[in-house]
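Geometric and topological summary
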Amino acid sequence: MSEIEAGADSIRKFLHELDIRIRARYPLIAINTFEEDRVREALLDLVFQDRHKEKPLFFWSRPSGLQQVVDPKEGHLSVPQTIGDTEDPESLLGFISEQKTGIFLLCDYAPYISPYGQEDALLVRRLREIAWKLKSTKATVLFVGPNFPELKTLEKEVTQIDLDLPKESEIEDSIELQFENLRSNGLDINLTKETQNALQQSLLGLTAVEISNVVAKAVISCNGLNQDSINVILEEKKNVIRGSGSLTYVHPEPASNLGGYQSLRAILERAAYTFSPRAKARHVEPCKGILLVGLPGCGKDLCKRVASSITNRALLDLDFGSIMGEGGGVIGSSAMSIKRALSIAGTIKGILGISEFEKAVSGMKSSNKTDGGETARTISYLLNWMQDNQDVLVFATANDVRELESEQFRIGRFSYIHFVDLPESEDRKEIFRVHLKKRALDAEHFDLDKLVDKSKDFSGAEIEGAVKDGVLEAFIDGDRQAETRDIVKAVENISPTAQMMSEKIEEIRKWARNNIKGVGSRIENSGIASSRSNRIYEL
């Protein structure tokens, strides 16, 4: 990658890639982005460069038809010149096929090429013929939209590029412009340099339009911009990202809630070090990710939230089910969704949480039979991104990965892979203490040894459930404070998963002994209540 590409902001990088492809005579280029306005502005800059100043610039949409917005002799036209009889997608291609030079931006053209996921054979054929013809001219056709359909018949003619979300430098420039407008309107701008930097960081991961909208809401809510605006922006940013359908902001948990599990905390701190400026200066490879494999209810998802606290990075949970369900099954919709989700995560440089990783990446083998390969392509994109990712800490959890292929969770995609087993007696005692304290109960007034003995083979989640049920039982029985007997009764009414699924759990442990380094020394026999060390508490 050249210095221009590596160090450039998103628009400069985009223009650099586009300029090279146009001059290399790529006839059909698909630009995948929601930000059509940014693409239009970027093209206005491009056509005034010396290499392209002799090319007219045209914009097309179905309502407006084809309009010329830049003329090589007259420059930027104050009133775009409309080309007649070009509203129809097929008629448009007829006009373009006769041109010798020009840049043609077709907005939201993809749905006509592939209506309802089925390709339009006539338009596809016309595009192929245009692609062959335009190679000997100085004309280029650009498609802009959230996603260009992946059609086998066009894969050799169409090249695709992405417009990244705004980077820090671009957000800084955008904010400065908004500051000037606010000051000219008499609104108060009371920001320290530190607060201004925090404001810029809070806007990462949003499109240019979303940034403008979020800042406008903060201005109205706070009667200007000040320290309180940060909270408004962060809350609105959560709503915007939630609206993507596949990502959810998750609140962090303090590291103290990871009671006693020092080894995992050390791993999280080690991962945090790899993202520091000093580590980057020493060319330390960033931690690619952590995969926790183990029994349900043993605190794996809690660790994601604790990781957010320890690394001081935002946690975004990826909902793979929403990704695969987006678009009503239209081919390409899932790919569009996963690309946008990973783009947001990469721009924010936070933690990407993936719960039940084994379910998220399963289904590759059957994909060609069930959905035309859509699932396989989406999973492959995620796995390839994980391989190349340098900015995001991927934190995945899984209950059972025995059916997955080794390349789906190998080292290289994850820096650390750990097995999480049931808590030992001392661990259970600590978990009881924590959950009693959460409910304003003094653990010293309870017979913890008895509770520990009764809760053999319980997971952290089951211990929490027992405490909750005991507190409820005491409340129903005369609105009194819970006692040991209430918790014991609740424990006796719970059948632990480890006993109901003992054979399956033992198989998972056997797999862990054979595949995860260090597990064999911790699981020395096949009994459910075997001796183990290093446990995760679900607090």
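Since the model is a prediction, treat every value here as computed from it, not as a measurement.

To continue, consider the overall build of the chain. What the chain contains, in helices and strands, is 24 helices and 15 strands. A total of 539 residues make up the chain; the buried ones form 51% of that total. The long-range fraction of contacts in the chain, counting pairs at least 24 apart against all pairs at least 6 apart in sequence, stands at 74%. As displayed, the chain offers around 25,700 Å² of accessible surface, 47% of which is attributable to carbon and sulfur atoms.

The subject of this paragraph is unusual backbone geometry. The residue Asp 85 is not glycine, and still its phi comes out positive at about 55°. As for its position among the elements, Asp 85 is in the loop between β4 (75-83) and α4 (89-96). The phi dihedral of Asp 479 falls on the positive side, at around 50°, and the residue is not glycine. Considering the arrangement of structural elements, one finds Asp 479 in the loop between α21 (460-476) and α22 (484-492).

Here helix α2 (residues 10-23) is 14 residues long and its end C-alpha atoms lie 20 Å apart, about the 20 Å a rise of 1.5 Å per residue gives. Taken together, the buried positions of α2 are Ser 10, Ile 11, Phe 14, Leu 15, His 16, Glu 17, Leu 18, Asp 19 and Ile 22.

Taken together, the side chains of Glu 168, Glu 172, Asp 173, Glu 176 and Glu 180 make up a negatively charged region of the molecular surface. The topology assignment puts Asp 173 in helix α7 (residues 168-184).

Glancing now at the pattern of salt bridges. Summed over all chains, the structure comprises 30 salt bridges. For the salt bridge of Arg 125 with Glu 129, the shortest nitrogen-to-oxygen distance reads 3.2 Å. Residue Arg 125 and its partner Glu 129 are located together in helix α6 (residues 121-134), separated by four residues, close to a single helical turn. With a relative accessible area of 36%, Glu 129 lands in the partly exposed category. One network of salt bridges, in which partners are shared, links Asp 19, Arg 23 and Arg 51.

Right, let's get into the environment of Leu 472. Examined against the element boundaries, Leu 472 turns out to sit in helix α21. With ten residues separating them in the primary sequence, Leu 472 and Ala 482 have C-alpha atoms 8.1 Å apart.

Our focus in this paragraph is the sheet that holds strand β3 (residues 65-71). The strand order across the open sheet formed by seven strands is β4-β3-β2-β5-β6-β1-β7, and the pairing between neighbours is mixed. Of all strands in the sheet, those bounded by a partner on one side alone are β4 and β7 (158-162). Each strand of the sheet is rotated relative to its neighbour by a mean of 25°, with strand direction disregarded. Judged from the five bridges that link them, β3 and β4 form a sheet pairing that is antiparallel. Its bridge partner lying in β4, Leu 66 is registered against Ile 83. Across the sheet, α2 is in contact with β1 (28-32), β5 (101-107), β6 (138-145) and β7; its angle to β7 comes to roughly 165°. Packing against the sheet, α4 makes contact with β2 (57-61), β3, β4, β5 and β6, and its axis sits at approximately 165° to β5.

This brings us to the packing of aromatic side chains. Each aromatic ring pair is described using two quantities: the centre-to-centre distance and the angle formed by the ring planes. Applying the stated criterion across every chain yields a total of eight aromatic pairs. An aromatic cluster is present here, built from Trp 60, Tyr 109, Tyr 112, Phe 143 and Phe 148 joined pairwise through their rings.

Attention shifts here to the environment of Ala 266. Mapped onto the elements, Ala 266 comes out in helix α11 (residues 262-274). Ala 266 sits in the partly exposed class, given a relative accessible area of 39%. Separated by 44 residues in the primary sequence, Ala 266 and Ile 310 have C-alpha atoms spaced 10.0 Å apart.

Between its first and last C-alpha atoms helix α18 (residues 374-388) spans 21 Å; for 15 residues at 1.5 Å apiece the expected length is 21 Å, and the two agree. All buried positions along α18 are accounted for by Glu 374, Thr 375, Ala 376, Thr 378, Ile 379, Leu 382, Leu 383, Trp 385 and Met 386.

With that settled, the discussion passes to the side chain of Glu 464. Tracing the chain through its elements places Glu 464 in helix α21. Assessed through its relative accessible area of 18%, Glu 464 is described here as buried. Every residue in contact with Glu 464, bar those within four places of it in the chain, is listed here: His 435 and Arg 439.

Another aspect to go through is the sheet that holds strand β13 (residues 351-354). Here six strands make up an open sheet; going across it, the order is β10-β12-β13-β14-β11-β15 and the pairing mixed. Looking along the sheet, the strands with just one partner apiece sit at the ends: β10 (247-250) and β15 (416-420). Between one strand and the next, the sheet's axes are offset by a mean angle of 25°, whatever the strand orientation. Relative to β15, strand β11 (residues 289-294) is paired through five bridges, and the arrangement is parallel.

At their nearest, the axes of helix α9 (residues 208-222) and helix α10 (residues 227-242) sit 9 Å apart, and the two run at 135° to each other. As far as their axial angle goes, α10 and α9 are oblique. The two elements α9 and α10 cross, and the hand of that crossing is right-handed. The residues of α10 that touch α9, namely those facing Glu 210, Val 214, Lys 217, Ala 218, Ser 221 and Cys 222, are Asp 228, Ser 229, Val 232, Ile 233, Glu 236 and Val 240. Tallied by class, residues from the contact of α9 with α10 come to six nonpolar, two polar and four charged.

All right, on to the side chain of Glu 170 then. Residue position: Glu 170 is located in helix α7. Given the relative accessible area of 14%, Glu 170 is considered buried. At a separation of 2.7 Å, a polar atom in the side chain of Glu 170 contacts the side chain of Ser 10. In this structure the side chain of Glu 170 is engaged in a polar contact, spanning 3.3 Å, whose partner is the side chain of Arg 38. Ignoring sequence-local partners within four residues, the contact set of Glu 170 consists of Asp 9, Ser 10, Ile 11, Arg 38 and Leu 165.

Calculation notes
Residues numbered from 1 in each chain as written. Predicted model: local features only at pLDDT ≥ 70, side-chain atom pairs only at ≥ 80, totals over all residues. Heavy atoms only, no water. Helix = DSSP H or I, 4+ residues; strand = E, 2+ residues; numbered from the N terminus. Buried < 20%, exposed > 50% of the residue type's maximum accessible area, 1.4 Å probe, protein only. Contact = heavy atoms within 4.5 Å. Areas by Shrake-Rupley, 256 points an atom, 1.4 Å probe, with all protein chains shown as cover. Expected span 1.5 Å × (residues − 1). Patch = residues over 30% accessible without salt bridge, like charges linked within 9 Å, V, L, I, M, F, W, Y side chains within 5 Å. Salt bridge = Lys/Arg side-chain N within 4 Å of Asp/Glu carboxyl O. Lys, Arg positive; Asp, Glu negative; His and termini not counted. Charge placed at Lys NZ, Arg CZ, Asp CG, Glu CD. Pairing = 2+ DSSP bridges. Axes fitted to C-alpha atoms, helices over the stretch in contact; angles between N-to-C directions. Phe/Tyr/Trp six-rings, centres within 6.5 Å; stacked < 30°, edge-to-face > 60°. Parallel < 35°, antiparallel > 145°, perpendicular 65-115°, else oblique. Left-handed = near helix turned anticlockwise from the far one by under 90°. Nonpolar A, V, L, I, M, F, W, Y, C, P; charged D, E, K, R; others polar. Polar contact = N/O pair within 3.5 Å; in protein donor to acceptor, adjacent residues only side chain to side chain.

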